[in-house]
Amino acid sequence: MKTTYFNFTRTVIILVALTLLLLPPQETFASSIGIDTEDRDWVTTEKSPSLVPNSYSVEKQEDISIPMRDGTSLNARLFLPDGVETAPVLIIFNGYGHTGSTGNSYDPRLEDYVERGYAALHVSTRGVGGSEGTSTLYNHYAEDGHDLVEWAADQPWSNGDVGMIGPSLQGISQWLTAKETPPSLKAISPALACGNCYEYLWYPGGMNIGPGRTAFGGAGYSAALENRDLNEWWQERSLSPEDYEQIAAGDIAVLVSGGWEDYITPGNIDSFARLRQADGDSRMVIGPNAHSNVADLQPYAFEDLEKMWFDHHLLQEENGIEDDEDVLLYVQGAEEWRFEQDWPLPDTRKASLYLSEQPSGSINSLNDGTLQAAKPAEEAANTSYQYAEANGPFLHTLLEQYRGRSEADQTRSEQEVVTWTTESFAAPTEITGEISFAFFAEIAGEDADFVAQLSSVAPDGTSTQLTAGYLNARRSDTRETAQPVTASEIKQYEMEILPTSYVIPQGHKLRLSLAGGTKALAEQRSPQGPGLNEHAANVTIHHDREHPSKLDLPVIGEALLPTEEGEIRTPYISGYSNGTFQPSSSTTRAELATMLARTINEEDEKTSSYTSFNDVDSSHWAASAITFMQGVGLMSGDPNGNFRPNDEISRVEMASIATRFLELSSSTPYTHPFDDATGHWGERGIQASYEAGIINGYPNGTFRPNNDLNRAEAVSIINEMLEIEPPSTINIERWEDVPFDYWGFEEIEAASRYERVQ
C-alpha cells in the first residue's frame, strides 16, 4: 500500500539550500565517502603483518665487480646473511650510484632483508659509483639489468631466485630489466616509476621538457633533448605492449606503488594496467603521497606489505598476502583506504559531460561555460582563447616534487582562461580511474599545446585542483613524428587526463579549465611537468551538435552527475565534526523539527498558519525548520507561545507526531499491550503508531511514554515512517561511536547516507 503524508509522495528530494540552513550547531554531514560505495571493501582495521623474523647478522663486502656482456664491469656492494648457505637475492640497481650519502641511505633497507634471510646487492649503473662505462639516460639499463640478475642467480651464495626493489630511478631500472625477462627474476617492486618515461616524465602528452627535468641536467637531460620524438632511442628505453606480455609470460610478479600527488606515478599506473591486460601477476598500491614512500598505509605499513610480497615470492612464505585483493587505493576526499579487484575498477560507470556555451554563473572567466549531461543541440557554438609563451595565460598544474599539487585557490588563474563548470553535486560522488577529454579544436598557428585542469569548486567559490592533462597538437596522433597543423581544420583531439581517486563533496561543482600552457607558482620548489610551447596560437574549441566536445569521467557507485536524469535522497540526519554520531544523546524538539523538515519538499505543501514563538527568533539555528513544522501541523508550541526548542522530545510526543505525519487512525477500544500508556494523554498516538508498526515497546511490556527519545531511536522511527530500508551491505563504520555491532547501526547508516532513488 502506498503511504501518503499530507498528500506528499513517499520519496522526496530535499532542497540543498534548506538542508544546509537546517544544520544544528557543530553538526556536519561528515559522510565523506561517495554515494553507493558503502558496500565496497574499505579498510576498517589494521592487520598484524606476518613477517619472517630478523634472525641473522649481516656480512658486507665492498667493490664487487660484475661483468656485463660487452665486457663492462659494474661496481656493487654485497650483503650476505651470516650462516646461510644459499639465499634469494634482492637487488637495488641504482642510477645515482651505490656510494656516497645518497647511495648509502638505501643500505639499511637492504640490510633489514638480509637479517631476515636474503642476500642483497646494491649495484651502480654504468658511469656512476665506480662502475665502468658512460652514464647517460637509462643507458644499457635493460641489458645490464638482465645480465646482473643472471649473474646474481649463478653465484654460490644464491639459491637462483632474484628480486629487485627501489623507488624512482631505481624503479625505472626494474621495469627496463623486466623488459628483458631474465629467467631468474621472480619479483620486482618499482615504486614511483614509469615504464614509458617519454610520455609520463620527459615529454608529458608530447609537450616540451619542463623545469623539473631541465634542472635534472647532465648527460641524461642532453640525451633526452636530442631525442624529441618517441624514436628508436626512446623505444629501447620504454616498454611496449609486447614487453608487458613477455613479463606476464615470464611469471615476473610486480608490486606497483606510488601516490596521487606524485609526478611519475601515472606512468606506474599505466604500466600496471597494461600488465593486467596481459594477465600478469601484479598488485598496485596508490597512496596520497607525492614523490616519497607510501605513507599511512592500511591495513599494513607499506614497508611490511612489501616484505610480505617478497617473502611470498622469494621465500615461498604463505603469509596471507595472496588473500587480499590486488589493488589498494587511498580515496581522496573520503580519506580512507580501500581494496579493489582490478584497475580500472571493473564496475566503473563512464559518464560524459559535454561542453556547453550556457553560462554557469560560477566564475568570471573568458567564457564561463557549463558542463552538462545533455549533448549540445546548437548548430554552431565555440569558445576561443589565445596563447603566447611570454604571457600565456597559464594554468598552474605543475607538481612540486615532494609536496605534490598546489593547495592554492585556483580561481585567479581560471579567470584568465576558458572554463566549463557543472551545477552543484547533489551527493558525494566518487571519481576513480582513467579520465579522458575528447574535444574539437581549430588552431591558427604552427603548433599548440592543450593543458586541462579539473578542480572541485566549493560553495564559497574556492577552487581546489584535482588533476590535469597535457597534449601537444602536432604529436596528438603519434608521438613518433610531429605532424603539421592544418590551418582552418576542425580536428578532434583525445587527451588523457591523469588518473585520480577523489570524492567530490555534496554541494561542490566540477570545473574543467583549458589553457595553452602551464607554469609553476613562485612558491613551488622543484616543479615537475611539461614545459612551454614556443609557438603563439589562437585556438577555438568547438562544442556544437556536429562537434560534441566532452569530458568522460569514471564514476563509482550509482552517483548522478549534475544534470543527469534521476533523483538522490539526501540524509536527514548526520553526525558531528569530531566523527561521532552520539546515538544515545537525547533528541531535542529543535533537532526533531530539523530532521522532519529535511524529509519534506516544502514546495509540495503550503499553509498560511505560520506563527512565531517567543523563544525562537529568526537567528535561531532551527528557526526555519520549527516555523515550517508548525505551519504544516506536525509540531506546535505550548499555551504560553513557546516552542521549547531545547527540551528533549519524549517517546509519546514522537508517537503523536508520527500519527499526524502519516495521518494514522487508531482502533477503539485501544488494544495496545502497554500498561503504562493506559489513560495517558497521548494514548491515541501510541495506539495508532503501534498498530502501524512504527513504534514498539520494551520486552517487559512497557512503553515508557515519558522517557526521552535518543538519536538512535529517533532515526529508527523516522525510517519506519518514510519506509527507508537499510542498505543490504555496509563495509565501513561511518561514525566512530556506532560500530557494526551497535543495535541501531543499520538504521543510523540508512538515515545518514545518500541514496539513488530507483
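Just so it is clear, the structure is predicted and the values come from calculations on it, not from any experiment. (Residues numbered from 1 in each chain as written. Predicted model: local features only at pLDDT ≥ 70, side-chain atom pairs only at ≥ 80, totals over all residues. Heavy atoms only, no water.)

A. How the structure looks around the overall build of the chain. Looking only at helices and strands, the chain has 19 helices and 28 strands in total. When the backbone C-alpha atoms are referred to their principal axes, the chain occupies close to 105 × 70 × 40 Å. Considering the chain as a whole, with its 758 residues, one finds that 60% of them fall into the buried category. Counting only contacts in the chain whose residues sit at least 6 apart along the sequence, the fraction spanning at least 24 positions is 78%. Within the structure as shown, the chain displays about 29,500 Å² of accessible surface, and the carbon and sulfur contribution to it stands at 43%. Taking the average place of the 49 positive charges on the side chains of the chain and the average place of its 116 negative ones, the gap between the two points comes to 3 Å. (Helix = DSSP H or I, 4+ residues; strand = E, 2+ residues; numbered from the N terminus. Buried < 20%, exposed > 50% of the residue type's maximum accessible area, 1.4 Å probe, protein only. Contact = heavy atoms within 4.5 Å. Areas by Shrake-Rupley, 256 points an atom, 1.4 Å probe, with all protein chains shown as cover. Lys, Arg positive; Asp, Glu negative; His and termini not counted. Charge placed at Lys NZ, Arg CZ, Asp CG, Glu CD.)

B. Focus on the pattern of salt bridges. Overall, the coordinates contain 37 salt bridges when judged by the stated rule. The shortest N-O distance in the salt bridge between E62 and R77 comes to 2.9 Å. Remark: R77 occurs in strand β4 (residues 73-81) and E62 occurs in strand β3 (residues 58-67); sequence separation between them is 15 residues. Given a relative accessible area of 43%, E62 falls into the partly exposed group. Note on R77: relative accessible area 5%, which makes it buried. One salt bridge connects D270 with R274, and the closest N-O pair in it is separated by 3.0 Å. With D270 and R274 both in helix α11 (residues 265-277), this residue pair falls four residues apart, about one helical turn. The network of salt bridges with shared partners includes E38, R569, R734, E749, R753 and E755. (Salt bridge = Lys/Arg side-chain N within 4 Å of Asp/Glu carboxyl O.)

C. Structural detail: the sheet that holds strand β2 (residues 41-42). Sheet architecture is open: 11 strands sit in the order β2-β12-β11-β10-β9-β8-β7-β5-β6-β4-β3, paired in mixed fashion. Pairing within the sheet leaves two strands with one partner each, and these edge strands are β2 and β3. As defined by bridge partners, β3 adjoins β4 across eight bridges and the pair is classed as antiparallel. Note that in β4 the partner of I66 across the bridge is L74. Of the strands in this sheet, β8 (185-191), β9 (253-259), β10 (282-287) and β11 (327-331) touch α11, which is tilted by about 155° from β10. (Pairing = 2+ DSSP bridges. Axes fitted to C-alpha atoms, helices over the stretch in contact; angles between N-to-C directions.)

D. Molecular detail of the pairing of strand β13 (residues 349-356). Both β13 and strand β25 (residues 550-556) contribute to a ladder of six bridges, which runs antiparallel. Note on β25: the bridge partner recorded for Y354 is K550. In terms of strand pairing, β13 meets strand β14 (residues 369-372) through three bridges, oriented antiparallel. Each bridged residue has a counterpart across the sheet, and for L355 the counterpart in β14 is L371.

E. Just the nonpolar core, in detail. Residues I91, L121, Y138, W202, W234 and W343 are the most contacted members of the largest nonpolar core, which totals 108 residues. With seven residues, helix α4 (residues 141-153) is the single largest residue contributor to this core. Filtering out sequence-adjacent residues up to four positions away, I91 remains in contact with L121, V123, L148, V149, A152, V162, G163, M164 and I165. Counting 55 residues, the second-largest nonpolar core is a separate cluster that includes Y572, L592, M595 and A677. (Core = buried A, V, L, I, M, F, W, Y, C linked by side-chain atoms within 4.5 Å.)

F. Structural view of the packing of aromatic side chains. For the structure on display, the rule yields 24 aromatic pairs. Aromatic side chains W260 and W343 sit 6.1 Å apart centroid to centroid with 40° between the ring planes, which places their arrangement in the tilted category. Of the two residues, W260 sits in the loop between β9 and α11 while W343 sits in the loop between β12 (336-340) and β13, which places them 83 residues apart along the sequence. Per residue, the accessibility class of W260 equals that of W343, and both read buried. (Phe/Tyr/Trp six-rings, centres within 6.5 Å; stacked < 30°, edge-to-face > 60°.)

G. Representation of the side chain of S463 within the structure. Tracing the chain through its elements places S463 in strand β20 (residues 463-472). Of note is the side chain of S463, whose polar atom sits 2.9 Å from the side chain of S455. When neighbours within four sequence positions are excluded, S463 is seen to be in contact with A408, D409, Q410, T411, E414, S455, S456, V457 and R511. (Polar contact = N/O pair within 3.5 Å; in protein donor to acceptor, adjacent residues only side chain to side chain.)

H. Up close: empty space enclosed by the protein. If you walk through the whole model with that rule in mind, you get seven cavities of 30 Å³ or more. Estimated volume of the largest cavity: approximately 270 Å³. As for the largest cavity, its lining consists of 23 residues, of which Y200, P204, Y263, Y470 and L498 are closest to the centre. When residues of the lining of the largest cavity are traced back to their parent elements, those giving at least two are α6 (197-202), β20 and β21 (490-504). Considering each element in turn, the lining of the largest cavity owes the most residues, five residues, to β20. Here the lining of the largest cavity is built from residues that sort into 11 nonpolar, seven polar and five charged. (1 Å grid on protein atoms, 1.4 Å probe; cavity = no way out; pocket = protein on both sides within 12 Å on 5 of 7 lines; lining within 4 Å. Points joined across faces, edges and corners; volume = space filled by probe spheres on them. Nonpolar A, V, L, I, M, F, W, Y, C, P; charged D, E, K, R; others polar.)

I. Geometry of the pairing of β11. Most of β11 is tucked away, with five of its five residues classed as buried. Neither face of β11 is left uncovered, since the one carrying V327, L329 and V331 and the one carrying L328 and Y330 both have all their residues buried. The pairing of β10 with β11 spans three bridges and is parallel. In the strand pairing of β11, I286 is matched with L329. Handedness of the crossover is the feature at issue here: the chain leaves β10, passes through helix α12 (residues 302-314), returns alongside β11, and the resulting connection is left-handed. Pairing between β11 and β12: five bridges, direction antiparallel. (Right-handed = clockwise from strand over helix to strand, strands pointing away.)

J. Structural context of helix α8 (residues 218-226). Looking at α8, one finds that the buried residues are G220, Y221, A223 and A224. For α8, the buried positions fall inside an angular range of 160° around the axis, keeping them on one side. Facing away from the buried side of α8 by over 90 degrees, the exposed positions are G218 and E226. Its buried side turned inward, α8 meets α6, α7 (211-216) and α9 (232-235). (Arc of directions from axis to C-beta.)

K. Spotlight on the state of the cysteines. Taken as a whole and assessed by the stated rule, the structure comprises one disulfide. Put simply, C194 and C197 are joined by a disulfide, and their sulfur atoms are 2.1 Å apart. Sign of the S-S torsion, about 100° for the bond between C194 and C197, identifies this disulfide as right-handed. For C194, a relative accessible area of 1% corresponds to the buried category. (Disulfide = S-S within 2.5 Å.)

Read these as layout, nothing more, since geometry by itself doesn't imply function.
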